Amino acid sequence: MPIWDKKHECISRDILDQLQLERLQATLNRVYKNVAFYKKRFDALGFFPEEDLENLSDIQKLPFTTRKDLSDSYPYEMFAVPLREVVRVHSSSGTTEKPSVVGYTRLDLKIWSELVARVLSAAGVTTDDVIQVTFHYGLLTGGLGIHYGAERIGASVLPTSVGRTDRQIRIMQDYRTTVLVSTPSYALVIADRLEEMSVDIKRLNLKYAICAGEPWSEETRKEIEDRLYVRATDNYGLSEVMGPGIAGECLEQSGMHINEDHFLAEIINPDTGEVLPPGETGELVLTTLTKEAFPVIRFRTGDLCYIIEEPCPCGRTFRRISRIQGRCDDIVIIKGTNIIPERIGDIIAEIEGIRPVYQLVATRHNHHDELEIWVEVSEDLFFDKMREQRALVDTMERRIANFIGMTPRVKLVEPGSIKRVNGKVQLFVDMRPKK
Ligand SMILES: [Zn+2]
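Residues numbered from 1 in each chain as written. Predicted model: local features only at pLDDT ≥ 70, side-chain atom pairs only at ≥ 80, totals over all residues.

Examining the overall build of the protein chain
The secondary structure content of the protein chain amounts to 13 helices and 21 strands. Taking 2.2 N^0.38 as the reference for a compact globule, 435 residues should give roughly 22 Å; the C-alpha atoms of the protein chain span a radius of gyration of 22 Å, in line with that estimate. The principal-axis extents of the C-alpha atoms in the protein chain amount to approximately 70 × 55 × 40 Å. A fraction of 65% describes how many contacts in the protein chain between residues 6 or more apart in sequence connect residues 24 or more apart. (Helix = DSSP H or I, 4+ residues; strand = E, 2+ residues; numbered from the N terminus. Rg over C-alpha atoms; globule rule 2.2 N^0.38 Å. Contact = placed C-beta atoms within 7 Å.)

Here it is, written out as structure tokens:
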């Protein structure tokens with residue numbers, strides 16, 4: 001499989017270190033000069049980028065940037081260029097009260113497309129492919145991020161966006177899609193539907209599934225590959241840092257190469273902030289090295305993974321991160337299983353096409369923990385359509401079980417029946433007795 005940008009992706013580690021240091025220097029200078037938030041922090045520490053950055057590990061002197069910092073800077077306070085130089089704005093999904101708003105200069109967009117092109121090429125995409133992008137096209141970075149990278153390669157892009165599974169399948173058949181870009185759970189929703197429709201999946205043109213957007217497992221990868229007759233790869237991105245294109249798996253399928261000439265990755269102990277050695281699992285912290293409009297310094301992603309240093313047989317020299325093992329925040333544990341209530345919402349949203357009001361409730365009967373998920377559905381479904389209701393419950397239970405490894409009890413309820421506190425639904429309620 002050809003490597004998109006051999007010069008950089010196969011760079012020697014020595015030259016890479018030097019390049020990272022130069023780019024980090026430039027980035028720190030830029031934020032010190034242009035972003036009041038960073039200037040204040042650096043000044044408080046007595047850290048002057050021109051003098052105090054001698055090698056890469058000096059970055060450890062600097063504090064972390066959190067989602068809350070970004071949200072407090074809503075909307076444009078963290079931008080390092082005037083708005084007239086910004087040609088695109090995206091925002092995050094808003095796990096915090098206000099979303100993080102991120103901007104891109106023309107050069108940022110160019111680099112973004114290049115980096116996504118690297119990730120897609122590593123996953124098998126070439127100019128001959130027809131690539132169906134089922135990510136959300138909008139303020140979130142997923143859809144447009146992949147889109148421009150695929151165009152950069154010269155593949156034929158089908159920007160189908162999320163949902164409407166029957167239509168996705170019709171397009172997949174008629175337009176002869178060869179690459180499916182989706183969340184892993186949506187790849188399985190498509191597989192389910194294809195089977196229900198008795199489509200001969202082997203006769204589709206699909207070769208690859210490129211998956212991201214939620215933690216998934218090797219078992220899920222195998223299921224996607226077996227049911228859709230594809231090679232499935234994982235890739236990583238987040239809006240706050242750039243979007244897709246930060247890291248992606250090659251066809252060796254053993255960890256995601258980080259685009260290290262543009263991002264500096266650290267793994268920290270999420271409790272102490274201490275930097276951990278390669279191989280140890282902790283929170284991924286990212287610093288952008290080339291972004292103009294929205295650089296971030298030591299951004300705490302909340303994603304748990306580890307760094308793989310061993311060389312990869314594909315020839316790329318960039319280190320890899322393991323698949324994301326989970327989040328170090330917003331996690332609830334039921335029956336020893338880590339569950340992120342937000343992610344359950346993502347799975348339900350993919351089944352329903354919209355993100356309904358829902359709530360996770362943990363209960364305990366005879367020492368057994370149980371998980372109930374209450375989902376508000378439309379009045380007409382709730383009162384009139386018993387069979388549809390049953391089918392919906394089954395699908396939700398199966399899909400969610402697939403992901404969290406335990407079967408929840410899904411209860412469909414009338415609109416407005418989940419209790420609101422100050423107008424908001426708590427995503428998780430723990431009814432288990434405290435010890
Ligand atoms: Zn590789």
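Notes on the domain arrangement of the protein chain
Along its sequence, the protein chain is carved into domain 1 (1-327) and domain 2 (332-430). Averaged C-alpha coordinates put domain 1 and domain 2 at centres separated by 29 Å. Taken together, the contact pairs 11 residues of domain 1 with 12 residues of domain 2. Among the secondary structure elements, those contributing two or more residues to the side of domain 1 that touches domain 2 are α9 (184-196) and β15 (326-327). Among the elements that line the side of domain 1 that touches domain 2, the one with the most residues is α9, at four residues. Of the residues that constitute the side of domain 1 that touches domain 2, the class distribution is three nonpolar, five polar and three charged. (Domains from an automatic or database assignment. Nonpolar A, V, L, I, M, F, W, Y, C, P; charged D, E, K, R; others polar.)

What about the sheet that holds strand β4 (residues 156-158)?
Strand order in this open sheet of nine strands is β4-β3-β5-β6-β7-β8-β9-β14-β13, and the pairing throughout is mixed. A strand with exactly one partner marks an edge of an open sheet, and here the two such strands are β4 and β13 (307-308). Looking at chain direction, strand β8 (residues 243-249) and strand β9 (residues 256-258) are connected through three bridges and run antiparallel. Residue pairing in the sheet places E249 in a bridge with M256 of β9. Along the sheet, helix α10 (residues 218-228) makes contact with β6 (208-211) and β7 (231-238), crossing β7 at roughly 130°. (Pairing = 2+ DSSP bridges. Axes fitted to C-alpha atoms, helices over the stretch in contact; angles between N-to-C directions.)

Some words on the nonpolar core
Of all hydrophobic cores here, the largest spans 105 residues; its most connected members are L120, V125, I131, A187, A209, I321 and I373. In terms of residue count, helix α6 (residues 106-122) provides more of this core than any other element does, eight residues in total. Each of domain 1 (1-327) and domain 2 (332-430) gives at least three residues to this core. (Core = buried A, V, L, I, M, F, W, Y, C linked by C-beta atoms within 7 Å. Buried ≥ 20, exposed ≤ 12 C-beta atoms within 10 Å, placed from the backbone.)

Quick look at the sheet that holds strand β10 (residues 263-268)
Read across the open sheet, the four strands follow the order β10-β11-β12-β15; overall the sheet is antiparallel. In this open sheet, the two edge strands, each paired with only one partner strand, are β10 and β15. The pairing of β10 with strand β11 (residues 282-288) spans six bridges and is antiparallel. Note that in β11 the partner of L264 across the bridge is T287.

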